[in-house]
Amino acid sequence: MPPPPPLLLLTVLVVAAARPGCEFERNPAGECHRPPAADSATCVDLQLRTCSDAAYNHTTFPNLLQHRSWEVVEASSEYILLSVLHQLLEGQCNPDLRLLGCAVLAPRCEGGWVRRPCRHICEGLREVCQPAFDAIDMAWPYFLDCHRYFTREDEGCYDPLEKLRGGLEADEALPSGLPPTFIRFSHHSYAQMVRVLRRTASRCAHVARTYSIGRSFDGRELLVIEFSSRPGQHELMEPEVKLIGNIHGNEVAGREMLIYLAQYLCSEYLLGNPRIQRLLNTTRIHLLPSMNPDGYEVAAAEGAGYNGWTSGRQNAQNLDLNRNFPDLTSEYYRLAETRGARSDHIPIPQHYWWGKVAPETKAIMKWMQTIPFVLSASLHGGDLVVSYPFDFSKHPQEEKMFSPTPDEKMFKLLSRAYADVHPMMMDRSENRCGGNFLKRGSIINGADWYSFTGGMSDFNYLHTNCFEITVELGCVKFPPEEALYTLWQHNKESLLNFVETVHRGIKGVVTDKFGKPVKNARISVKGIRHDITTAPDGDYWRLLPPGIHIVIAQAPGYAKVIKKVIIPARMKRAGRVDFILQPLGMGPKNFIHGLRRTGPHDPLGGASSLGEATEPDPLRARRQPSADGSKPWWWSYFTSLSTHRPRWLLKY
């Protein structure tokens, strides 16, 4: 094609130079197409500290609330609310709500146009976060009105949370030439951990998925990867297992072991490993590598070899998460002395909710309500031993005192399942890490080691059906990277062997005479004062050591059924024991009632694991208007900081 005439070329250049750049998409005619959700404006640098992590760098005045300067915005009650939402809601919905509010107070400005945030993002957050506002008796903020300040996707809106998700969505390619089964034995940042888990779930999509159980105080997702023949579904009589790492942020070995385990399970399943295929086809496994991602960031900033013994141990609220669960062990000791009283499935006491409860702790408790876990392990660092409940001494003044549960034999069996195949735990040298536990077989009753309250393992056992042990993986809490492969080799078989023990004991289904499942039926074992309950589908799992057991099934309105069960010593697959309950007549019901569960509200916002009404909500009093017309507890804070009284926060 010949070059254009000089005059024509000059004309083209002049027109091109005269046409301004386009920040938005051009239409087929080449014209700049401005979406309906953009308004003309003068862009300025975004300088609000509370909004410094927004996904954009420029804003404009006046904003969507007609604030005309930085000074006006920073003095407003709306801005003050955004800056303290973190503390008010105890980390819930953070930083999502703050970024949503920033999209209104400091709207996004690009190329002389203001972009409006998406309405569906606002509506989704309101559905999730409204209960948190209700809990502190606060109205939903008017400036987060999803219809007034937000717009539709087809009008060209943007996602104000895109930066929050952005760094986690992109995949991280493996070095060229490496097979997809390759495991990088290194420390993983939060973003790297999320990418690895999501990539693993994508590779094994038919047997794996990732999901979040909540957020940390600083807003990081508590991400779980699940392995099952039907991810996302509870299957009848398929036991549920959870493994949790990094409850203390500076104890990082467990975090890495679970990241490696996820990749190993996926790869070996795809390679046809019969053991792994059998395990995943008969068990639902949930891995939470990091329960305390905020604390990990503190520890990782110091790095392996430089990390202090306690730096990063706590969460961002400076709470030790393994001391933050309800103390049900004290209540157990009281009930154990009362003849006929139930000492299992103990409710959470009201006073617990008036203390400082971490969002990470709440997320774990709610998770335990929604899934009928049977077995669990919490992975720690600082020593080399497996401990089991109770962790709190039956005599509170005793710092070290053997304090067994009614399932002492089973807990020892579970602990040995881990320790007996761990090469270093079985090393006969007393000079090694954990050598002082050698004579005990590298397992110990928690309270006999040292006593403490508020632990996660005791809570699992006393509030749900779940049996949890604690594994200390080594004396170095933040091991150097070159030690990680050896740690994995030492713990791989122990992790697999432990998960497989969920198939010890008995399992079955409890139904009525018409074959309808009976949920919340109690399964009792004579001589063991600790009952478990059936799941909504009527299925149950009762971990039991070898021997002869008398098992009783009972439920309100039904006659109890008693069966004799023999569990051989070498039996490694749960025996099936079903129960068919016959309805009682009109006379007195032959059922041991035990503790009464009452109260219309659940502090965790969901049905309890028992499927019955849970303890009364201690926050309910805050939700009701007071008889004397007084304001909620947070009101004085806002009125002291601003001349504007934010009455829009009041519900009554």
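Residues numbered from 1 in each chain as written. Predicted model: local features only at pLDDT ≥ 70, side-chain atom pairs only at ≥ 80, totals over all residues. Heavy atoms only, no water.

Visitor: What is the right way to read the pattern of salt bridges from this model?
Guide: Pairs may arise between side chains of opposite charge once their charged atoms sit close together. Across all of its chains, the model carries 24 salt bridges by this definition. Between Arg98 and Asp53 there is a salt bridge whose closest N-O contact spans 2.8 Å. Of the two residues, Arg98 is situated in helix H4 (residues 96–105) and Asp53 in the loop between strand E2 (44–45) and strand E3 (58–59); the sequence distance between them amounts to 45 residues. Across the pair Glu251 and Arg313 runs a salt bridge whose closest N-O atoms are separated by 3.5 Å. Taken together, the residues span a long stretch of sequence, with Glu251 in the loop between strand E8 (240–245) and helix H8 (253–270) and Arg313 in the loop between helix H10 (293–302) and helix H11 (329–336) at a distance of 62 residues. Of the residues examined, Glu251 reaches a relative accessible area of 4% and is grouped as buried. Residue Arg313 is classed as buried on the basis of its relative accessible area, which comes to 14%. (Salt bridge = Lys/Arg side-chain N within 4 Å of Asp/Glu carboxyl O. Helix = DSSP H or I, 4+ residues; strand = E, 2+ residues; numbered from the N terminus. Buried < 20%, exposed > 50% of the residue type's maximum accessible area, 1.4 Å probe, protein only.)

Visitor: It is not clear to me how the sheet that holds strand E15 (residues 522–525) should be interpreted in this structure. Could you clarify?
Guide: Sheets are built from strands that pair by backbone hydrogen bonding, the pairs being arranged parallel or antiparallel. Spatially, the 4 strands line up as an open sheet ordered E16-E15-E18-E19, and their pairing is antiparallel. A strand with exactly one partner marks an edge of an open sheet, and here the two such strands are strand E16 (528–533) and strand E19 (561–567). Each adjacent strand pair in this sheet contributes to an overall mean axis angle of 25 degrees, direction not counted. Strand direction decides the pairing type here: E15 and E16, joined by 3 bridges, are antiparallel. When the bridges of E16 are listed, Ile523 appears paired with Ile532. (Pairing = 2+ DSSP bridges. Axes fitted to C-alpha atoms, helices over the stretch in contact; angles between N-to-C directions.)

Visitor: Honestly, the nonpolar core in this entry has me stumped. Any pointers?
Guide: Nonpolar side chains in soluble globular proteins generally cluster together in the buried interior. Core analysis: the largest hydrophobic core is formed by 97 residues, its most contacted members being Phe227, Ile364 and Trp367. The leading source of residues in this core is H8, at 11 residues. Looking at which domains feed residues into this core, each of domain 2 (207–325 + 364–386 + 403–442 + 467–503) and domain 3 (506–583) gives three or more. When neighbours within four sequence positions are excluded, Ile364 is seen to be in contact with Ile213, Ile244, Leu288, Met291, Phe325 and Met456. Grouped together as the second largest cluster of nonpolar side chains are 49 residues, Val84, Leu88, Leu89 and Cys102 included. (Core = buried A, V, L, I, M, F, W, Y, C linked by side-chain atoms within 4.5 Å. Domains from an automatic or database assignment. Contact = heavy atoms within 4.5 Å.)

Visitor: Quick question: what am I supposed to make of the state of the cysteines here?
Guide: Disulfides are covalent bonds that link the sulfur atoms of two cysteine residues. In the structure shown here, the tally under the stated rule is 6 disulfides. The disulfide partner of Cys51 is Cys102, and the gap between their sulfur atoms is 2.0 Å. Handedness of the Cys51-Cys102 disulfide follows from its S-S torsion of about -85 degrees: it is left-handed. In this pair, Cys51 sits in the loop between E2 and E3 while Cys102 sits in helix H4, placing the two residues 51 residues apart along the sequence. Using a relative accessible area of 0% as the deciding quantity, one classes Cys51 as buried. Paired by a disulfide, Cys433 and Cys475 hold their sulfur atoms 2.0 Å apart. Looking down the S-S bond of the Cys433 and Cys475 bridge, the torsion is 95 degrees, so its handedness is right-handed. Within this pair, whereas Cys433 is found in the loop between helix H13 (408–419) and strand E12 (443–445), its partner Cys475 is found in the loop between strand E13 (467–474) and helix H16 (484–500), the two being separated by 42 residues in sequence. Classification of Cys433 by relative accessible area gives partly exposed; the value is 26%. (Disulfide = S-S within 2.5 Å.)

Visitor: Honestly, the environment of Ile121 in this entry has me stumped. Any pointers?
Guide: Here Ile121 lies in helix H5 (residues 119–135). For the pair Ile121 and Pro160, spaced 39 residues apart in sequence, the C-alpha separation works out to 8.1 Å.

Visitor: What should I look at first to understand the packing of aromatic side chains in this one?
Guide: The geometry of an aromatic ring pair is captured by two quantities: the separation of the ring centres and the angle between the planes. Counted by the stated rule, this structure contains 29 aromatic pairs. Taking the centre distance of 5.1 Å and the plane angle of 75 degrees together, the rings of Trp367 and Phe373 count as edge-to-face. Pair check on accessibility: Trp367 and Phe373 agree, each one buried. Geometrically, the ring pair formed by Tyr388 and Phe411 is stacked, given 6.3 Å between the ring centres and 10 degrees between the ring planes. Of this pair, Tyr388 sits in strand E11 (residues 383–388) while Phe411 is found in helix H13, placing the two residues 23 residues apart along the sequence. By the burial criterion, Tyr388 is buried, and Phe411 matches it. (Phe/Tyr/Trp six-rings, centres within 6.5 Å; stacked < 30°, edge-to-face > 60°.)

Visitor: Is there a simple way to think about the side chain of Glu256 in this case?
Guide: Assignment of secondary structure puts Glu256 in helix H8. Buried charge without a salt bridge: Glu256, with Arg255 as the nearest opposite-charge side chain at an N-O distance of 4.1 Å. (Lys, Arg positive; Asp, Glu negative; His and termini not counted.)

Visitor: Just to check I follow, could you spell out the pairing of E8 for this structure?
Guide: In the case of a regular strand, side chains alternate between the two sheet surfaces. Here E8 lies mainly inside the structure; 6 of its 6 residues are buried. Where burial is concerned, the two faces of E8 agree: the one with Glu240, Lys242 and Ile244 and the one with Val241, Leu243 and Gly245 are both buried. Where E8 and strand E9 (residues 284–288) come together, 5 bridges link them in parallel fashion. Each residue of the ladder has a partner; that of Glu240, found in E9, is Arg284. Two strands pair when backbone bridges link them, and E8 and strand E10 (residues 373–380) are joined in this way by 6 bridges, in the parallel orientation. What sits directly across from Gly245, in E10, is Leu379.

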